[in-house]
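# Survey of secondary and tertiary structure
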Amino acid sequence: MTVLTIVSQKGGVGKTTVALNLAFSIAGRGWKTLLIDTDPQGSIGLSLRGGVAGRPGLADYLRGDMGFEDTVLSTRVPELGLLPVGRPTFSEACTWLQEPDAQDAFRHLLKRASEDWDIVLIDTAAGPYGPARGVLGMTPAALVLMQAEPLGIRSLPSYLEALAEIWRHGEGGRVVGVLLTMVQPRRAASMAVVQETLRLIPAELGFDAVVVRDPIFLEASAEGVPLGLLRRSPPPAAAVFEQIAAELEPRLALCTEEVEDEARSLVD
Amino acid sequence: MKLALSWIDPLELRTRFEAVVEKPPAAPPWPEGRSAGQRVAPVASQTQPPPAVELACLQPFPSQEGGLSRRLASLIDWLRGQMKAQAVFICDDDCLVLAQWGCAPELAAAATWLAATWNSAGPRVCPSGDGTVAVQLDNNAWLMLLSGRSVWGRVYLGVCIDQLAEPLTIRAMQDALSSALKEK
């Protein structure tokens, strides 16, 4: 099983949106995907209709009140499961996933998840501190989201330094990519940040895909659905997550070695 | 529109990425006095006036018997003793490591990259294949890269020393490398 944590230096870069839509796309490509919300604020649940925000989840599991099977929600997509954050108390949220007992329980949860799922996607709180730090210390791979604005790229070195520090004192980890979000293609400053970022970061960490700032995300959020379920014919922005999923597969060693995977003729 | 929006030093960013792209491997420490995060200065030509370096009384590299690996091990010992080498790296023209001592992964990577570049561009720049490349790692460390011929092809020797070696010292290292590569 692969574990990928979606992280960012600052809030509001679209972490939850990316986590939700990326999980949807990865599952659509056939991988059994479990999306875990570790943000104590429950952003995933707040992004989805169906009363997800009020359901038990990770907090209840960590507390020992509920088992793994009881907290995982099945979804309309057969390969996609959802583990909401549940109902953490304020005091629990203050030390979220930083206490040894909670960390042991979370590790056990990941181990249990490996029995049923190919990949676990983890949505975190913003920044390298507090709840996000606790999660990062226990997870081996991170996808760094960076808003396509000057502040985003300027804060990247200090964030990478923090990640290195967390992994040095934790179980080790690596960045598998830097994904640009909130890109405004018609704004020169935004596109300049995109170009400069792709020039500065290691080539293998960049993506050909970027997530643009598109009103369709607001519409999907208002409806409480991932883009892929917004309409019968998904909007163009949904295709971006398909591409990101395809670019991530080799980086996460998600492969189908057993299956014959050769080019097929269009016309027999 | 300003070209640089990031205000980021690309070398610093690269260093930060190196720390998070792969898990840090267990490796010999970076030579004393430096950390892995420090920068590599631009390549300096040997034709630049070298600083005044006091040439030590060098013991010549003794003639060696035995296989290549043994001779290279002796060469490393000689470099450590006579040149006070902080690290030594020897690779072939495919950048395959033949022998090394005290090399942190960063230094090994730099040495193999230089060797590969030299191997690729060298024939056009210097058909004889002779010469030296020196890279200043910091105020007290230089990476000297030399090449020699063996029956298997060209071999590159990277030596990390505390001062830029002067021509006579380089010649002594060159002779030692040639001797170590020579089949008896």
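My aim in this report is to walk through the structure given alongside it, one point at a time.

This paragraph deals with the nonpolar core. Residues and elements named next belong to chain A. Residues Leu4, Leu22, Leu121, Leu143, Ile244 and Leu248 are the most contacted members of the largest nonpolar core, which totals 45 residues. Listing elements by their share of this core, those giving two or more residues are β1 (2–8), α1 (15–28), β4 (80–83), β5 (119–123), β6 (141–147), β7 (174–181), α11 (215–223) and α12 (236–251). It is α1 that provides the largest number of residues to this core, a total of 8 residues. When neighbours within four sequence positions are excluded, leucine 143 is seen to be in contact with Leu4, Thr5, Ile6, Val7, Leu22, Val176, Gly177, Val178, Leu179, Phe207 and Leu248.

Residue and element names in this part refer to chain B. Under the 1.5 Å per step criterion, the end-to-end length of helix α2 (residues 68–82) is 21 Å for 15 residues, consistent within 8% with the ideal 21 Å. Those residues of α2 that fall on the buried side of the exposure criterion are Leu68, Arg71, Leu72, Ser74, Leu75, Ile76, Trp78 and Leu79. The secondary structure elements touched by the buried residues of α2 are β2 (87–92), β3 (97–101), β6 (153–161) and α4 (167–181). Where α2 ends, the next residue or the one after it, lysine 84, has phi of about 55 degrees, a positive value.

Residues and elements named next belong to chain A. Direction vectors running N to C along α1 and α12 enclose 70 degrees, while the axes themselves pass 8 Å from each other. For the element pair α1 / α12, the angle class is roughly perpendicular. Where α1 abuts α12, its residues Val18, Asn21, Leu22, Ser25 and Ile26 lie against Ala238, Phe241, Glu242, Ile244, Ala245 and Leu248. Grouping the amino acids of the contact of α1 with α12 by side-chain chemistry returns 8 nonpolar, 2 polar and 1 charged.

The next point concerns the interface of chain B and chain A. At the interface, 17 residues of chain B touch 25 residues of chain A. Summing the contributions of chain B and of chain A, the shared interface buries around 1,800 Å²; its carbon and sulfur component is 72%. Looking at the side of chain B facing chain A, the largest losses of area belong to Leu5, Phe17 and Val20 of chain B, adding up to 34% of the total buried there. On the surface where chain B and chain A come into contact, there are 1 salt bridge. Here glutamate 161 of chain A and arginine 16 of chain B are joined by a salt bridge, their closest N and O atoms 3.6 Å apart. There are 1 residue pair in polar contact (both at pLDDT 80 or more) connecting chain B and chain A. Among the residues forming the side of chain B that touches chain A, the class breakdown is 12 nonpolar, 1 polar and 4 charged.

Definitions and cut-offs
- Per-chain numbering applies: the sequence of each chain, read as written, is numbered from 1 onward.
- Chains and ligands are labelled sequentially in the order written, the chains with letters from A and the ligands with numbers from 1.
- Since the coordinates come from a predicted model, pLDDT governs what is reported: local features require at least 70, and pairs of side-chain atoms require 80 or more to be given and counted, while whole-chain, interface and lining totals use all residues.
- As a rule here, side-chain values cover all heavy atoms of the structure and leave hydrogens and water aside.
- Among the buried residues, those of types Ala, Val, Leu, Ile, Met, Phe, Trp, Tyr and Cys that are joined through side-chain atoms within 4.5 Å form a nonpolar core.
- Exposure is judged per residue with a 1.4 Å probe applied to protein chains only, and the accessible area is read against the type maximum: over 50% gives exposed, under 20% gives buried, and values in between give partly exposed.
- Secondary structure counts use DSSP, requiring at least four H or I residues in a row for a helix and at least two E residues in a row for a strand, with both numbered from the N terminus.
- It only takes one pair of heavy atoms within 4.5 Å for two residues to be counted as in contact.
- To estimate how far a helix should extend, the number of its residues minus one is multiplied by 1.5 Å.
- Lines are fitted to the C-alpha atoms to define the axes, a helix being fitted only along its stretch in contact, and any angle between axes, read from their N-to-C directions, falls within 0 to 180 degrees.
- In these notes the angle categories are as follows: under 35 degrees is roughly parallel, over 145 is roughly antiparallel, 65 to 115 is roughly perpendicular, and the rest is oblique.
- In this classification, Asp, Glu, Lys and Arg are treated as charged, Ala, Val, Leu, Ile, Met, Phe, Trp, Tyr, Cys and Pro as nonpolar, and every other residue, Gly included, as polar.
- Accessible-area loss on putting two parts together, using a 1.4 Å probe and summing over both, is the definition of buried area adopted here.
- Any carboxyl oxygen of Asp or Glu within 4 Å of a side-chain nitrogen of Lys or Arg constitutes a salt bridge here.
- In protein, a polar contact requires one atom able to donate a hydrogen and another able to accept it; more generally it is a pair of N or O atoms within 3.5 Å, and residues adjacent in sequence count only if both atoms are side-chain atoms.

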